[in-house]
Amino acid sequence: MTILFGIVLFCFWNYVRSAQIEAREAFQLFLFQSDYFLSRLSVPGGMARYVAEFLVQFFRSVALGALITAVLLVLIQWLSWKLLCRNMTAVSPSHLFPFSFLPSFALWKMICDMDVSMTLPVAVLLTWLLMLVLPNRRKPSLVSSLVLIPIGYWLLGPVIICLVCCHFKWLQKSDDRIVVLAESAGLTILLAACVLVSSHVVPYSLWNITKGIDYWMIQSDKAGTYEEIEYDYLLQQKQWGKIITLSEEEEPKSLACKNVVRLAKYYEKRISGEELKENMLHPNKVLTSGAAAMMMSDVYLHMGFVNMSQRAAFEVMMSSPNYNMSGRELSRLVETNLITGQYEVALKYISLLEHTLFYRSWAKQMRQLATNPELIKRSPKYGSLQEVYQQTVDVFFF
Amino acid sequence: MKQLINHISIVLTVVFCLVMLEGCRHQVEHATRVHQVPAIYPDYVGVTIPAGIAPLDFNFVGGDVDLLDVTVRGSKGGELHVQGEWADLNIEAWQQLTQQNVGGELLFTVCVEHDDQWIQYDDFKVYVSKLPLEDYGLTYRRIPPGYEVGGANIGIYQRDLHSFDETAILKVSAVYGHCINCHTANRTDPSTLTMQFRGEGGGTLVQRNGKQHWLNTRTDSTKAAGSYAYWHPSGRYCAYAVNSVHQNFHVGTEKRIEAYHRFSDLILLDTQTNQLVLSPLLQTEDQEIFPAFSPDGKYLYYSTSKPCNLPAEYEKVKCSICRIAFDEKTGTFGNEVDTLVNTAATGKSYTLVRPSYDGRWLMFCVSDHSNFPVFQNDADLWLMDLKTGEMRELKEVNSRQTESFHNWSSNSGWFVFSSKRENGEYAQLYLSSIDDKGRVTKPFLLPQRNPKKYYGELFDSYNVPDFTKTPVSLDVHEVHRQVFDGKRQQVEVR
């Protein structure tokens, strides 16, 4: 049953929500750097976030991303079953088994929303593991909880409250219920104190800290609608035919998606270059979300508007729902700065990308261009764009 | 006895560790002399620093390096020696060395090891000024360059100038959905502070002695809430520009962003009565912007430009520097405006007037056009001697890129400014000193530990820097509560 669950999960993420897998990766930049690790550890829930971001970097491959998501949710289901069996000994394991799917189903539903980060399932998984290693006797369990709650809170975030809840199970097993209640209340107060104290040392509001700094995106609805994410995915693949078909099935609501459709029609020779430009140049109206800005950065570069592409890429970096940087758009900024001749700035971004797993080799190639600008002219992509850029008549976009 | 053995074992362990550490050091031997100063980042060669400043850590950028060996000798005594990947100077030892050499020089000897070969470069000097820098540190905003729509996690920070410690005063992550800007203390004293919050439920924060007051400074008689601010020395009044700022992006080469204001007036807030003092001379068809009080509080300096069709005629925005008398006792402005520097004479735009607190100098930005110089590549700093009225370009600190957002230390012996000289995109903070004859020293980049890495990986531009006498204290929880509570005391026009 668990294996079947895993297969269903994999198929869902790989075939139904593939665009979202790719979008998650696009909104982060995982760096193999001690500073990056320490910056993550400097806020509650930082370890869960670090692990989640480590995993999400592999989402550049949709299949790998789908597999990781499926394994994560399957592990949560399996651990849930183990915990249920351990803590509800009076109930038959076979009866408990269906209930073990509930946390994974809930998380599955939640992470379909881009406003819920992968940090949440990772934090749940690691908390479940901690709960599993708690001693099976009340007093040692209490002592362990006293240690694990502050540490777990800092590493995994407020989901550690499950550890507090776990202590209530002794109400069933112990005759001294008042003492158990007092112990549970003490653990609750301990966690509340951790939350309050942490709110004075990190630059986040108490509300954000209480709901988990990176469980839910700080800036909600910034990533973009699923429609935008889907069009962006197709744009990445340059599937012009599919984009047109999709728009014919249902006209897109987002202005950015409409622009992508026009670009697709241009490439399919259904409209002229002049028609393509219509309504394209209204950045304030079109850069409404991260995904919209990502699309428009691509669209502008396709059209040879390098500065506009750079501007849109910046908007993505700024509208990241949890203030993460974007590896994809940082790469775009490298490209635009190479084209505009701002080589020092390009090198600044290249240095960062060289600390990543998947952008590293590309960044090294770009370093060659930034340090030898004459090579840019010979590059089929950047050379021609540089030529276009240098001939562009300077006008404003209103 | 047992205790004695313990003590001896601790001492022996420490000695052993020190010997081992010393053994790890590479002795500079048979170094080849190169007759040039080392290529270092930041360029600290020949700069003048105040005693007690954070260590001038630097990286060697003249090629591949396995090990850097740096010896610093004071002309009045003291020596410091470090080896490592970069010049990582010990804070306490550095502080002691600079204090010991006030008015003297520090001689840096830099040797570089690569492939078991040592190279010794020519020594260079750093001068320790007699002018003290008495302030605790700097405050500034860090903001990614070049965005408009998104909600960046910008923040207002403070930095201890005597160490590398930087702490956030307030970040957008604590008040998400809002833009925070224009933090202004009264002559570097953070006990009197104002700050603006834009976005839904935005407002003006006035903090006096730790107590926050949240105001709505927009009225029926004024077009917007207050933004760019400057305190009257008394701490009672605060002048604000009220305007509507926009950005447009160029598509062609050379320029990228043009910031402009659709309108701009000046208002004065009486923070005792929460009343606005308006003057028809400061609310004209022209754009009045960037107010600054004279140190005696008798004048309000500002920039003003003629109205034009914006953004189309953005190149016609050219500011003059003016001043208007102010009577603190009655809280009223004078009836006439003096023009100190007239754009009509030169065709340049003069903005961001900042008088030194000793009343001697007036520092401002000069660019070809615009009343928002931070996006103008040609923006430079200029200085006017208020004794003689003479003004000159500060060639000692200017570069081919933007210089702007300058402010004075509390004793007016030092100034901080932002400069994009490194790459034209990211503004960094530089400090420089000025003596009573107006001699300005070579500026130095705000020191950071491992600066090449720090600045190389920093994704933010620095802006609105100012000195702060003491650390800024702001109750972020109260700010969060007030921002989302949305209750603002409505100011009234007097």
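Treat the numbers as computed from the prediction; the structure is a model and nothing was measured.

A.B. asks: Any details on the overall build of chain B? Residues and values, ideally.
C.D. replies: For chain B, the count of helices and strands is 5 helices and 35 strands. Referenced to the eigenvectors of the C-alpha coordinate spread, the extents of chain B come out at roughly 80 × 60 × 45 Å. Taken over 494 residues, chain B has a buried fraction of 58%. Once local pairs closer than 6 in sequence are excluded, the contacts in chain B between residues at least 24 apart make up 58%. Each charge class in chain B can be summarised by its mean position, and for the 47 positive and 60 negative side chains these summaries are 5 Å apart.

A.B. asks: Tell me about the overall build of chain A, residues and numbers included.
C.D. replies: The helix and strand inventory of chain A stands at 25 helices and 0 strands. Reported as C-alpha extents along the three principal axes, the dimensions of chain A are approximately 85 × 45 × 35 Å. Looking at chain A as a whole, 57% of its 398 residues are labelled buried. Of all intrachain contacts in chain A linking residues separated by at least 6 positions in sequence, the fraction that spans at least 24 positions is 68%. Carbon and sulfur atoms make up 64% of the accessible area of chain A, which totals about 17,000 Å².

A.B. asks: An account of the packing of helix α21 (residues 327–340) of chain A against helix α22 (residues 343–353) of chain A is needed here, citing residue identities and associated values.
C.D. replies: Residue and element names in this part refer to chain A. Running from amino to carboxyl end, α21 crosses α22 at an angle of 155 degrees, the nearest separation of the two axes being 8 Å. The pairing of α21 with α22 is recorded here as roughly antiparallel in orientation. Crossing of α21 against α22: the hand is left-handed. Contacts between α21 and α22 involve Gly327, Leu330, Ser331, Leu333, Val334, Asn337 and Leu338 on the former and, on the latter, Tyr343, Val345, Ala346, Tyr349, Ile350, Leu352 and Leu353. Each residue belonging to the contact of α21 with α22 can be placed in one class, and the counts come to 11 nonpolar, 3 polar and no charged.

A.B. asks: Summarise the interface of chain A and chain B; cite the residues concerned and give the values.
C.D. replies: Facing the 45 residues of chain A at the interface are 40 residues of chain B. Summed over both sides, the interface of chain A with chain B buries roughly 3,700 Å², with 58% coming from carbon and sulfur. At the junction of chain A with chain B, the criterion picks out 1 salt bridge. For the salt bridge of Lys453 of chain B with Asp35 of chain A, the shortest nitrogen-to-oxygen distance reads 2.5 Å. One can count 10 residue pairs in polar contact (both at pLDDT 80 or more) joining chain A with chain B. Going through the elements one at a time, α13 (206–210), α20 (306–318), α21, α22 and α25 (380–391) of chain A are the ones with two or more residues in the side of chain A that touches chain B. Ranked by residues supplied to the side of chain A that touches chain B, first place goes to α20 of chain A with 8 residues. Here the side of chain A that touches chain B is built from residues that sort into 24 nonpolar, 14 polar and 7 charged.

A.B. asks: Quick one: what's the story with the packing of aromatic side chains, residue by residue and with numbers?
C.D. replies: As enumerated under the stated definition, the model contains 45 aromatic pairs over all chains in all. With centroids separated by 5.0 Å and ring planes inclined at 50 degrees, the aromatic side chains of Phe30 of chain A and Tyr50 of chain A adopt a geometry described as tilted. Remark: Tyr50 of chain A occurs in helix α4 (residues 46–56) and Phe30 of chain A occurs in the loop between α2 (18–26) and α3 (34–41); sequence separation between them is 20 residues. We classify Phe30 of chain A as buried; its relative accessible area is 3%. Clustering of aromatic rings is evident, with ring pairs tying together Phe5, Phe12, Trp13, Trp81, Phe97, Phe101, Phe105 and Trp108 of chain A. Its guanidinium or amino end placed over the ring of Tyr41 of chain B, Lys452 of chain B lies 4.8 Å from that ring's centre, counting from NZ or CZ.

A.B. asks: Could you give an account of the domain arrangement of chain B, naming the residues involved and the relevant values?
C.D. replies: Residue and element names in this part refer to chain B. Each assigned domain of chain B is listed with its residue range as follows: domain 1 (32–128) and domain 2 (137–485). Computed over C-alpha atoms, the centres of domain 1 and domain 2 are 34 Å apart. In this complex, domain 1 contributes 23 residues to the contact, which on the side of domain 2 involves 22 residues. Around 1,800 Å² of area is buried between domain 1 and domain 2 when both sides are counted, 63% of it from carbon and sulfur atoms. Counting across the interface, domain 1 meets domain 2 through 2 salt bridges.

A.B. asks: Break down the sheet that holds strand β11 (residues 155–160) of chain B for me, citing the residues and quoting the values.
C.D. replies: Residues and elements named next belong to chain B. If you trace the 4 strands from one edge of the open sheet to the other, you get β12-β11-β10-β33, paired in antiparallel fashion. Strands at the two margins of the open sheet, each flanked by one partner only, are β12 (166–171) and β33 (461–468). Each neighbouring strand pair of the sheet contributes to a mean axis angle of 25 degrees, computed without reference to strand direction. Of the pairings in the sheet, the one linking strand β10 (residues 137–143) to β33 comprises 6 bridges and is antiparallel in character. Within β33, the position partnered with Arg141 by the bridge is Asn463.

A.B. asks: Tell me what's going on with empty space enclosed by the protein, and back it up with residues and numbers.
C.D. replies: All names here are of chain A. Applying the stated criterion across every chain, the model contains 7 cavities of 30 Å³ or more. Approximately 170 Å³ is the volume found for the largest cavity. Taken together, 17 residues form the lining of the largest cavity, with Arg24, Gln28, Ser117, Met217 and Asn322 sitting closest to its centre. With 3 residues, the single largest contributor to the lining of the largest cavity is α4. Counted by class, the lining of the largest cavity contains 8 nonpolar, 6 polar and 3 charged residues.

A.B. asks: Residue-level account of the UniProt feature "transmembrane region" (unreviewed entry) in chain A, with values.
C.D. replies: Residues and elements named next belong to chain A. The positions UniProt marks with the feature "transmembrane region" (unreviewed entry) are residues 58–79, 117–134, 146–170 and 185–207. Between the C-alpha atoms that bound residues 117–134 there is a distance of 27 Å. The span itself is 83% helix and 0% strand. End-to-end, the C-alpha atoms of residues 185–207 are 22 Å apart, and along that stretch the chain is 74% helix and 0% strand.

A.B. asks: Would you mind going over the state of the cysteines in detail, with residue names and values included?
C.D. replies: Residue and element names in this part refer to chain A. The final tally for this structure, using the stated rule, is 0 disulfides over all chains. There is no disulfide at Cys162, and the cysteine sulfur nearest it, in Cys165, is 5.9 Å away. Looking at the unpaired Cys166, the closest cysteine sulfur is the one in Cys165, lying at 8.5 Å. The class of Cys166 is buried, set by a relative accessible area of 7%.

A.B. asks: Report on α21 of chain A, specifying residues and quantitative values.
C.D. replies: Residues and elements named next belong to chain A. The terminal C-alpha atoms of α21 lie 20 Å apart, and with 14 residues this matches the ideal 20 Å at 1.5 Å per residue to within 8%. For α21, the buried fraction is high: 14 of the 14 residues fall into the buried class. Positioned one or two residues after α21, Gly341 has a phi angle of 85 degrees, which is positive.

What counts, and at which threshold
Residues numbered from 1 in each chain as written. Chains lettered and ligands numbered in written order. Predicted model: local features only at pLDDT ≥ 70, side-chain atom pairs only at ≥ 80, totals over all residues. Heavy atoms only, no water. Helix = DSSP H or I, 4+ residues; strand = E, 2+ residues; numbered from the N terminus. Buried < 20%, exposed > 50% of the residue type's maximum accessible area, 1.4 Å probe, protein only. Contact = heavy atoms within 4.5 Å. Lys, Arg positive; Asp, Glu negative; His and termini not counted. Charge placed at Lys NZ, Arg CZ, Asp CG, Glu CD. Areas by Shrake-Rupley, 256 points an atom, 1.4 Å probe, with all protein chains shown as cover. Axes fitted to C-alpha atoms, helices over the stretch in contact; angles between N-to-C directions. Parallel < 35°, antiparallel > 145°, perpendicular 65-115°, else oblique. Left-handed = near helix turned anticlockwise from the far one by under 90°. Nonpolar A, V, L, I, M, F, W, Y, C, P; charged D, E, K, R; others polar. Buried area = accessible area lost by both parts, 1.4 Å probe. Salt bridge = Lys/Arg side-chain N within 4 Å of Asp/Glu carboxyl O. Polar contact = N/O pair within 3.5 Å; in protein donor to acceptor, adjacent residues only side chain to side chain. Phe/Tyr/Trp six-rings, centres within 6.5 Å; stacked < 30°, edge-to-face > 60°. Lys NZ or Arg CZ within 6 Å of the ring centre and 35° of its normal. Domains from an automatic or database assignment. Pairing = 2+ DSSP bridges. 1 Å grid on protein atoms, 1.4 Å probe; cavity = no way out; pocket = protein on both sides within 12 Å on 5 of 7 lines; lining within 4 Å. Points joined across faces, edges and corners; volume = space filled by probe spheres on them. UniProt positions renumbered as here; feature names shortened; annotations may be inferred. Disulfide = S-S within 2.5 Å. Expected span 1.5 Å × (residues − 1).

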